[in-house]
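Take a look at the letters that make up each chain.
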Amino acid sequence: MRGLAYFHQGDIHFTDNLSEPKIQSGDELILEVSWCGICGTDLHEYTDGPIFMPKDGCANELSGNGLPLAMGHEMSGIVSEVGSKVTRFKKGDHVVVDAGCGCLDTHRFEDTQLSGTMCNACKIGMVNCCSHAGFIGLGVGGGGFAEKVLVAEQHCIKVPKEIPLDVAALVEPLSVSWHAVSSSGFQRGQTACVFGAGPIGLATILVLKGFGASKIVVSELAKIRRVLAESLNVETFDPSKHGKDAIEELRKIPEGDDGFDFAFDCSGVKPTFDGALKVTTFRGTSVNLAIWGNKPIDYYPMDVTLKEKKLTGSIGYVVKDFEGVVSAIHDGRIPLSDCRHLITGKQKLEDGWEKGFLELMNHKDSNVKILLTPNNHGELHST
Ligand SMILES: [Zn+2]
Ligand SMILES: [Zn+2]
């Protein structure tokens, strides 16, 4: 089978030599992949990995799989085969995949090192916080940069056929933001400041629109990214224009001059962390969605205490978040036209290294999502 696979750090390449997936447990199905987006995490596996991927010569603890493995975890596809115990899907259904795996998946893998394990997070349904969390396309199993992918029924979410399959490939990254906004307690009519207009920041803007935010302001240094955010019809703020008064100026934007109800740090550097804490109002909530490097920073706890603020974080997603995103796209709360602004490239799988990975590494600021297709399920160049 054809695929774009991870061999080891510094070596991702196209191969036509991957073995086809086979249903092993009755609750699995096989998808023909339609589109799969390249994620920042995929780039990190190349430059700094293996992070989630198994180390050379080792196996993934959940599945027992070793390298090479097809990458790709932001996928849409069409069901081509169903296992004997699958009840909710049939051949031909359009689906998206919750790529996260954990204790609830170990029964599917003969070579698992975790047979019978059930961590406390999984016991209470917080599978996104599983102590053994891993991802399809990042080591648990082959991902969406391949003709076919093996997935468990519990991780599949049906997509109405009115949602085009290229846009459906955005449901995974949008679910990261959906999880953050819904678990933060955000309510319709509230205000939000988003720090960073990279892929996660832009996805968070779409989700906040879907939740009915009354005002969204995006703080971003790079002009090209502010322009992208403006194409989603939100107000942008350039902190470099305001010097040391930037946060005070930003705080004055919502009515009442006293800060936002919520702030989302989608950037993950000290100035955005501090900014997200300071721009919220009394009892406001600051949410960290960024993945930080292994380096602590200091912050002043009285910034939280004196105004009884909340500081919280959000990681990954659960199936409910995918369902939320699919229904918001379907009923127009998240407009299809807005989603299309996030797709900055569509390429054949064969060209995925050169025109996908390298393009993203060399032109980071002008790209959001580049989608790859292994099966020509739709046009390449119209986005
Ligand atoms: Zn991702
Ligand atoms: Zn677990």
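You'll find the chain entered in an unreviewed UniProt entry as Enoyl reductase (ER) domain-containing protein, with Zygotorulaspora mrakii given as the organism. Listed under Sequence similarities (unreviewed entry) in UniProt, the entry text for the chain is "Belongs to the zinc-containing alcohol dehydrogenase family." Of the comments in the UniProt record for the chain, the one headed Cofactor (unreviewed entry) reads "Zn(2+)".

For the zinc ion (ligand 2), the full set of protein donor atoms is Cys103 (SG), Cys119 (SG), Cys122 (SG) and Cys130 (SG), and the range of their distances to it is 2.3 to 2.4 Å. For the zinc ion (ligand 2), the four donor atoms in the first shell make angles of 101 to 115° at the metal, so the coordination geometry reads as tetrahedral.

Take the sheet that holds strand E15 (residues 280–288) next. Taken together, the six strands give an open sheet; going across it, the order is E13-E12-E11-E14-E15-E16, and neighbouring strands pair in parallel fashion. Looking at the sheet topology across the chains shown, the edges are occupied by strand E13 (235–237) and strand E16 (310–313). Ignoring strand direction, the axes of neighbouring strands in this sheet form an average angle of 20°. Where strand E11 (residues 191–195) and strand E12 (residues 215–219) come together, five bridges link them in parallel fashion. Note that in E12 the partner of Phe195 across the bridge is Ser219. Lying over the sheet, helix H5 (residues 199–210) contacts E11, E12 and strand E14 (260–265), oriented at roughly 170° with respect to E11.

Turning our eyes to something else, we now look at the side chain of Asp27. Tracing the sequence through the fold places Asp27 in the loop between strand E2 (11–15) and strand E3 (28–37). For Asp27, the side chain forms a polar contact with the side chain of His107, separated by 2.8 Å. Apart from the residues lying within four places of it in its own chain, the contact partners of Asp27 are Lys85, Val86, His107, Arg108, Val151, Ala152 and Glu153.

An order of E2-E1-E4 is seen for the three strands of this open sheet, with the pairing classed as antiparallel. Only two strands of the sheet have a single neighbouring strand rather than two, namely E2 and strand E4 (69–70).

Our focus in this paragraph is the packing of aromatic side chains. In this structure the tally under the stated criterion is 10 aromatic pairs. Summarising the aromatic geometry, the rings of Phe273 and Tyr299 are spaced 5.5 Å apart at their centres and angled 65° between planes, so their arrangement reads as edge-to-face. Separated by 26 residues along the polypeptide, Phe273 in helix H8 (residues 270–278) and Tyr299 in the loop between E15 and helix H9 (302–305) bring together distant segments of the chain. With a relative accessible area of 12%, Phe273 lands in the buried category.

For the rest of this paragraph, the subject is the pattern of salt bridges. Should their charged atoms come close, side chains of opposite charge can pair. Applying the stated criterion across every chain yields a total of 22 salt bridges. The partner of Glu350 in a salt bridge is Arg2, and the shortest N-O contact between them spans 2.5 Å. Separated by 348 residues along the polypeptide, Glu350 in the loop between strand E17 (343–348) and helix H12 (352–362) and Arg2 in the segment before strand E1 (3–8) bring together distant segments of the chain. Residue Glu350 is classed as partly exposed on the basis of its relative accessible area of 35%. For Asp93, the salt bridge identified is with Lys158, shortest N-O distance 3.6 Å. On the criterion of sequence distance, the pair formed by Asp93 in the loop between strand E5 (74–82) and strand E6 (94–97) and Lys158 in strand E10 (residues 156–158) is long-range, its members being 65 residues apart.

Across its 14 residues, helix H4 (residues 171–184) extends 19 Å between first and last C-alpha, which sits within 8% of the 20 Å expected from 1.5 Å per residue. For H4, the buried fraction is high: 11 of the 14 residues fall into the buried class. Every buried residue of H4 is listed here: Val171, Glu172, Pro173, Leu174, Ser175, Ser177, Trp178, His179, Ala180, Val181 and Ser184. Gly185 sits one or two positions beyond H4 and adopts a positive phi of about 90°.

Attention now goes to the UniProt feature "domain: Alcohol dehydrogenase-like N-terminal" (unreviewed entry) in the chain. Under the UniProt annotation, "domain: Alcohol dehydrogenase-like N-terminal" (unreviewed entry) lies at residues 27–161. Taken end to end, residues 27–161 has its terminal C-alpha atoms 23 Å apart, with 10% of it in helix and 27% in strand.

The sites that UniProt annotates as "domain: Alcohol dehydrogenase-like C-terminal" (unreviewed entry) are residues 199–329. Within residues 199–329, the helical portion is 38% and the strand portion 21%, while the C-alpha atoms at the span's ends are 18 Å from each other.

With that settled, the discussion passes to the nonpolar core. Nonpolar side chains in soluble globular proteins tend to be buried together. Phe145, Leu174, Leu202, Leu208, Phe264, Ile329 and Phe357 are the most contacted members of the largest nonpolar core, which totals 87 residues. Considering every element that reaches this core, the biggest residue donor is H5, with six residues. Here this core spans two domains, and each of domain 1 (3–170 + 342–373) and domain 2 (184–313) adds at least three residues to it. For Leu174, the residues in contact, after removing those within four places along its chain, are Ala203, Leu206, Val207, Val325, Ile329 and Cys339. Judged by nonpolar contacts, the second largest core, of 10 residues, contains Phe195, Val217, Phe237 and Ala276.

Reading the values: rules and limits
Residues numbered from 1 in each chain as written. Chains lettered and ligands numbered in written order. Predicted model: local features only at pLDDT ≥ 70, side-chain atom pairs only at ≥ 80, totals over all residues. Heavy atoms only, no water. UniProt positions renumbered as here; feature names shortened; annotations may be inferred. Donors = N, O, S within 2.8 Å, 3.2 Å for Na, K, Ca; no water. Tetrahedral: all angles 85-135°; square planar, octahedral: opposite > 155°, others 65-115°. Pairing = 2+ DSSP bridges. Helix = DSSP H or I, 4+ residues; strand = E, 2+ residues; numbered from the N terminus. Axes fitted to C-alpha atoms, helices over the stretch in contact; angles between N-to-C directions. Contact = heavy atoms within 4.5 Å. Polar contact = N/O pair within 3.5 Å; in protein donor to acceptor, adjacent residues only side chain to side chain. Phe/Tyr/Trp six-rings, centres within 6.5 Å; stacked < 30°, edge-to-face > 60°. Buried < 20%, exposed > 50% of the residue type's maximum accessible area, 1.4 Å probe, protein only. Salt bridge = Lys/Arg side-chain N within 4 Å of Asp/Glu carboxyl O. Expected span 1.5 Å × (residues − 1). Core = buried A, V, L, I, M, F, W, Y, C linked by side-chain atoms within 4.5 Å. Domains from an automatic or database assignment.

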